[in-house]
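Each chain, written out:
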Amino acid sequence: MLAALASNRSLRLAIFLILAALAAWGLRLTILEGFVYAWPRDFHGDFYAAMYVRDWWDGTGIMYGPVFVFERWLVNAWPRRFTVHVFALADVPAVVLAFALSLGAVRARRATAFVAFAAWCCFRWLFYAFSVAANPEILELLFLTLAWYAASRAKHEVAWVAVAFAALTKVIPVIFAPLLFLRASRKAIVAGIVAGLLIVFVVGAGQHLSVRDTVLAILIPSQSTDGGTLVQASNIKPIPSVYQMVGLNTALARALAMTDADPRLPLVQSATDIVTVVIYLWSAFVAFRVLRGRHALPEVTRLALSYGLFFALMPLATFHTHPHTLVFLLPAWTAIIATIMDDGDTARATAFGAAFLPLFVFGGMPSVATPVDRLLHTHLATSLVFADPIWANLGVVLALSAYALARTRGAPAAV
């Protein structure tokens, strides 16, 4: 596909100018929405509440995961230095490094890197993540892209350690386990286990928890406050009225015009739980076909398709999907852009590229609908297709799994 674009200089120049304009627009919004407007309100969000509001977390037990506890220790020790503004600013180099690692993982050419850069800059939920100092999610993003990069360099022990760190920030990154085991070695497994046990032991001792309580606190995240302890996983339910909840369960409830008191909400939760499990199992099957199949796809492409798919699964698998949870789609877009632009089958790349483009718009660029609404007096920007980006997220998972399987069928069998 890159060769086809290179043959048409006028088209290439037009695409470059459009992408440059979009990247500049996205950077401007990132600075304004992510920092200028958020700074005076102290980046209020879940991270601020959990880290600095005692009524949210009193500092006992384990909130989110051991890595978050380490950060809380820093805040307790040097409260004037480790302010929310410091964490918010630290998110910037973390995202930049995650972007660079994703490019390194796909061996990105300049054209691929530029398109991916524009996509990251324009992604609405990255601005949002900065605006609420979504430190845990951005740390997970960094650790998981490091795992992907390490795997692409056959440094599987580093990949195991990186995923262990991600899972000890919040537990959901354990969904990457199939990818690790499909490229496992005894050394990698030992490295991951040792790194994980070391962190668990230090945090358990520092929080004065028994081994059993430490393990349970990590596996079953809870929120200890002055008023008692809330088990986060037990509080999963659709809340149609709250647009800070953008998971599949709440999106389905909104699509069915349910209220918060609707007696059918437990059925919606059960249905979305089943769908999520089925999608995860299907994705694991696709990853197995891609990583272990007898086809001629290069290792970099195999890993890009597999890791991209599992990054896209993160917002679906998370206990409580918030807008900033959608930042996990960013490495998925790097993988999609890289594999499509390097696809030797122009017809296939064009067809899937045409499918992915609206999914990116619906899932990450709701502002595209604003001028249309002003011109036609419609309400597209506030419609469910934009208000609930999880539908586009689901579309990305299904489209990427279909594309991955198409790539394995299109490649001749390895000898």
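Structural data are supplied above this passage.
Here's what I pulled together on the structure shown here. The shown structure was predicted, so the numbers you read here are calculated from the model rather than taken from an experiment.

All right, on to the pattern of salt bridges then. Enumeration according to the criterion identifies 9 salt bridges in this entry. A salt bridge links D213 to R212, with the shortest nitrogen-to-oxygen separation between them at 3.4 Å. Given a relative accessible area of 35%, D213 falls into the partly exposed group. A salt bridge links R264 to D262; the nearest nitrogen and oxygen atoms lie 2.9 Å apart. For R264, a relative accessible area of 41% gives the class partly exposed.

This part covers the side chain of S102. In this fold, S102 is placed in helix α5 (residues 84-105). A distance of 2.7 Å separates the side chain of S102 from the backbone oxygen of F99, its partner in a polar contact.

Here we come to the nonpolar core. Counting residues in hydrophobic clusters, the biggest one holds 116 residues, and the most contacted among them are W148, F176, Y307, W333 and F356. It is helix α15 (residues 299-317) that contributes the most residues to this core, 11 residues altogether.

Further remarks concern helix α11 (residues 186-206). The end-to-end C-alpha separation of α11 is 30 Å, in line with the 30 Å expected for 21 residues at 1.5 Å each. A188, G192, A195, G196, I199, V200, V203 and G204 are the residues of α11 that are buried. Each buried residue of α11 lies within a common arc of 155 degrees when the element is viewed along its axis, so the set occupies one face. Facing away from the buried surface of α11 by more than 90 degrees, the exposed residues are R186, K187, L197, L198 and F201. On its buried face, α11 sits against α4 (66-77), α9 (156-167) and α12 (211-219). One or two positions beyond α11, positive phi appears at H208, with a value near 60 degrees.

Moving on, we come to the packing of helix α14 (residues 265-292) against α15. The geometry of α14 relative to α15 is characterised by a closest axis approach of 9 Å and an angle of 170 degrees between their N-to-C directions. Considering their axes alone, α14 and α15 lie roughly antiparallel with respect to each other. Each of T276, I279, Y280, S283, A284, V286, A287, V290, L291 and R292 in α14 lies in contact with α15, whose residues at this interface are R302, L303, L305, S306, L309, F310, L313, L316 and A317. Grouping the constituent residues of the contact of α14 with α15 by class yields 14 nonpolar, 3 polar and 2 charged.

Below, the discussion takes up the packing of aromatic side chains. Under the defined criterion, the tally for this structure stands at 30 aromatic pairs. Judged by centre distance (5.4 Å) and plane angle (35 degrees), the rings of Y48 and Y52 are tilted. Remark: Y52 and Y48 occur in helix α3 (residues 46-52); sequence separation between them is 4 residues, near one turn of the helix. Judged by its relative accessible area of 21%, Y48 is partly exposed. For Y52, a relative accessible area of 27% gives the class partly exposed. Ring centres of F176 and F311 lie 5.3 Å apart, and the angle between their planes is 70 degrees; on these two criteria the pair is classed as edge-to-face. Placement of the pair is F176 in the loop between α9 and α10 (177-181) and F311 in helix α15, with a sequence separation of 135 residues.

Rules used in this analysis
Residues numbered from 1 in each chain as written. Predicted model: local features only at pLDDT ≥ 70, side-chain atom pairs only at ≥ 80, totals over all residues. Heavy atoms only, no water. Salt bridge = Lys/Arg side-chain N within 4 Å of Asp/Glu carboxyl O. Buried < 20%, exposed > 50% of the residue type's maximum accessible area, 1.4 Å probe, protein only. Helix = DSSP H or I, 4+ residues; strand = E, 2+ residues; numbered from the N terminus. Polar contact = N/O pair within 3.5 Å; in protein donor to acceptor, adjacent residues only side chain to side chain. Core = buried A, V, L, I, M, F, W, Y, C linked by side-chain atoms within 4.5 Å. Expected span 1.5 Å × (residues − 1). Arc of directions from axis to C-beta. Contact = heavy atoms within 4.5 Å. Axes fitted to C-alpha atoms, helices over the stretch in contact; angles between N-to-C directions. Parallel < 35°, antiparallel > 145°, perpendicular 65-115°, else oblique. Nonpolar A, V, L, I, M, F, W, Y, C, P; charged D, E, K, R; others polar. Phe/Tyr/Trp six-rings, centres within 6.5 Å; stacked < 30°, edge-to-face > 60°.

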